[in-house]
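Survey of secondary and tertiary structure
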Amino acid sequence: MGLIVQKYGGTSVGTVERIQAVADKVIGFRKAGHDIVVVVSAMSGETNRLLGLANHMQEVPDARELDVLVSTGEQVTIALLCMALKKRGQDARSYTGAQVRILTDNAHTKARIKSIDDANMRADLNLGRVVVVAGFQGVDEAGNITTLGRGGSDTTGVALAAALKADECQIYTDVDGVYTTDPRVADKARRLDRITFEEMLEMASLGSKILQIRSVEFAGKYQVPLRVLSSFEDGPGTLITIDEDLSDMEQPVVSGIAFNRDEAKLSIRGVPDSPGVASKVLAPIGEANIEVDVIVQNMAADSTNDITFTVHRNDLAKAQAVLEQVAKELNAREVVGDATVVKVSVVGVGMRSHAGVASTMFNALAAENINIQLITTSEIKISVVIEEKYLELAVRSLHSAFGLDAE
Ligand code: ADP
Ligand code: ASP
Ligand code: MG
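Remember, predicted model here, so these are calculated numbers, not experimental data.

Once that is clear, we can look at helix α7 (residues 153-164). Between its terminal C-alpha atoms α7 stretches 16 Å, which fits the 16 Å expected from 12 residues at 1.5 Å a residue. The buried count for α7 comes to 11 of 12 residues, which makes it a mostly enclosed element. Along α7, the positions that sit buried rather than exposed are S153, D154, T155, T156, G157, V158, A159, L160, A161, A162 and L164. Once α7 finishes, K165 follows within two positions and takes phi at roughly 50°, a positive value.

The next thing to look at is the environment of G337. Mapped onto the secondary structure, G337 falls in strand β17 (residues 334-338). Overall, G337 belongs to the partly exposed group, its relative accessible area being 31%. Spatially, the C-alpha atoms of G337 and A159 are 39 Å apart, while their sequence positions differ by 178 residues. For G337, the contacting residues outside a window of four places in its chain are K265, L266, L316 and Q320.

Enumeration according to the criterion identifies 25 salt bridges in this entry. Between K381 and E202 there is a salt bridge, with the nearest N and O atoms lying 3.8 Å from each other. Within this pair, whereas K381 is found in strand β20 (residues 381-387), its partner E202 is found in helix α8 (residues 197-205), the two being separated by 179 residues in sequence. Overall, the relative accessible area of 17% leaves E202 in the buried class. We note a salt bridge from K209 to D262, for which the minimum N-O separation is 3.4 Å. Taken together, the positions of K209 in the loop between α8 and α9 (213-221) and D262 in the loop between β13 (256-260) and β14 (263-272) put the pair 53 residues apart, joining distant regions of the chain. Within the structure, one salt-bridge network assembled from shared partners comprises K86, D91, R93, D124 and R129.

For the rest of this paragraph, the subject is the site of ligand 2. Every residue lining ligand 2 is accounted for by S41, T47, E74, F136, R150, G151, G152 and S153. Residue S41 places a side-chain N or O atom 3.0 Å away from an oxygen atom belonging to ligand 2. Here ligand 2, which alone exposes 260 Å², has 86% of that area covered by the protein.

On to the sheet that holds β13. Strand order across the open sheet formed by four strands is β13-β18-β20-β19, with antiparallel pairing between neighbours. The two strands at the open ends of the sheet, each matched to only one other strand, are β13 and β19 (374-378). Adjacent strand axes in the sheet meet at a mean angle of 20° when their direction is disregarded. In terms of strand pairing, β19 meets β20 through five bridges, oriented antiparallel.

Once that is clear, we can look at the site of ligand 1. Close to ligand 1 lie 17 residues; T173, D174, Y179, D182 and R184 are nearest. One of the side-chain N or O atoms of T173 is found 2.7 Å from an oxygen atom in ligand 1. Here an oxygen atom of ligand 1 sits 2.9 Å away from a polar atom, N or O, in the side chain of D182. Taking 580 Å² as the accessible area of ligand 1 by itself, protein coverage stands at 83%. Of the residues contributing to the shell around ligand 1, the split by class is six nonpolar, six polar and five charged.

Calculation criteria
- Residues numbered from 1 in each chain as written.
- Chains lettered and ligands numbered in written order.
- Predicted model: local features only at pLDDT ≥ 70, side-chain atom pairs only at ≥ 80, totals over all residues.
- Heavy atoms only, no water.
- Helix = DSSP H or I, 4+ residues; strand = E, 2+ residues; numbered from the N terminus.
- Expected span 1.5 Å × (residues − 1).
- Buried < 20%, exposed > 50% of the residue type's maximum accessible area, 1.4 Å probe, protein only.
- Contact = heavy atoms within 4.5 Å.
- Salt bridge = Lys/Arg side-chain N within 4 Å of Asp/Glu carboxyl O.
- Near = heavy atom within 4 Å.
- Polar contact = N/O pair within 3.5 Å; in protein donor to acceptor, adjacent residues only side chain to side chain.
- Areas by Shrake-Rupley, 256 points an atom, 1.4 Å probe, with all protein chains shown as cover.
- Pairing = 2+ DSSP bridges.
- Axes fitted to C-alpha atoms, helices over the stretch in contact; angles between N-to-C directions.
- Nonpolar A, V, L, I, M, F, W, Y, C, P; charged D, E, K, R; others polar.

Written out as structure tokens, the structure is:
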């Protein structure tokens with residue numbers, strides 16, 4: 001007996017039948033004596049459909065109105081799920097983010113949760129009701145609807161679990177746990193029984209879309225026991241753990257391969273080799289609210305420098321325009337943009353105590369004739385930027401090279 005927060009993603013509530021199956025599953029947990037708070041996403045495809053509608057109205061849709069629009073997807077599923085629960089004799093109550101009072105800042109389309117009022121949910125749970133909350137959305141101080149960024153229902157789930165001090169937060173999705181890499185890209189990917197918060201955070205930040213990065217940050221900060229499971233079949237899923245001491249198991253050097261298809265590369269060539277130039281190049285990019293990822297500088301033979309960095313693909317045109325301006329001021333030779341790159345990363349806390357991970361990685365890519373354009377490392381990851389067309393091949397060969405393949 002305990003309090004469980006369960007989050008069901010888009011595919012898990014993608015049809016009327018799937019929503020009915022979720023209702024049955026929730027009732028199973030109620031019968032086992034648990035209190036249940038459910039967080040649901042919009043039906044699969046719905047958020048993309050709504051974003052598409054917005055694009056017919058304005059090239060860059062107004063952020064406040066966009067949040068009013070896209071938050072409707074989740075409002076549909078909370079109501080339908082409550083109806084399905086009631087039909088089955090289980091009392092239930094739906095809440096939008098504003099009705100719970102999931103208070104956020106006012107950064108429309110990427111708002112951050114500031115606080116959650118648990119009073120209404122507690123009252124319902126005490127009456128034996130299942131509480132069903134719309135994921136992905138909140139409300140700011142002024143009463144405006146906000147949303148938490150793509151994949152944000154994960155964060156709603158974990159944040160509610162933290163606020164309610166739930167015994168577990170269960171993220172139900174269309175795969176049966178966290179794998180060594182995306183099982184849709186490498187069919188030899190293996191499900192992990194456990195993964196540390198640190199590794200999960202790194203995987204999420206490097207592009208693994210299985211969990212929104214903010215949900216992992218939240219879970220780590222508030223020590224929420226977090227599990228990723230399939231809503232389609234029973235199984236233990238993957239537990240995200242704080243414990244790094246896997247002494248009973250062999251600690252792998254690399255736990256997973258992550259990749260990000262949303263990268264684009266920009267180079268400014270022939271800038272003066274003098275102090276302050278990197279800042280002159282990158283500061284205006286930051287001022288334009290564009291996030292920069294991998295940065296590399298190399299010196300050309302004529303002792304000028306080339307500075308190359310990556311940005312989100314959606315920001316390429318904007319970043320390139322800013323950089324053209326900088327190039328004029330610095331008398332640089334040229335600016336080159338490339339939207340056909342991806343980033344592939346190997347991740348593992350075991351890398352701390354093992355040398356040679358980089359050479360294994362580079363050898364594996366060389367064996368497939370994959371050219372590495374940029375490299376960046378941290379204590380527990382190595383990332384490379386490569387040509388987009390090699391993504392699948394790179395992921396599969398690294399997966400084998402680090403001994404991650406399923407038998
Ligand atoms: P939901 O709609 O339930 O939130 P998502 O599509 O956001 O589901 O996340 C689940 C998907 O994440 C899987 O279908 C899978 O393709 C992808 N994925 C990426 N990396 C991994 C990984 N390491 N392990 C498992 N799934 C992954
Ligand atoms: N419906 C939102 C999205 O598609 C939030 C989510 O599913 O987590 O991004
Ligand atoms: Mg998701």
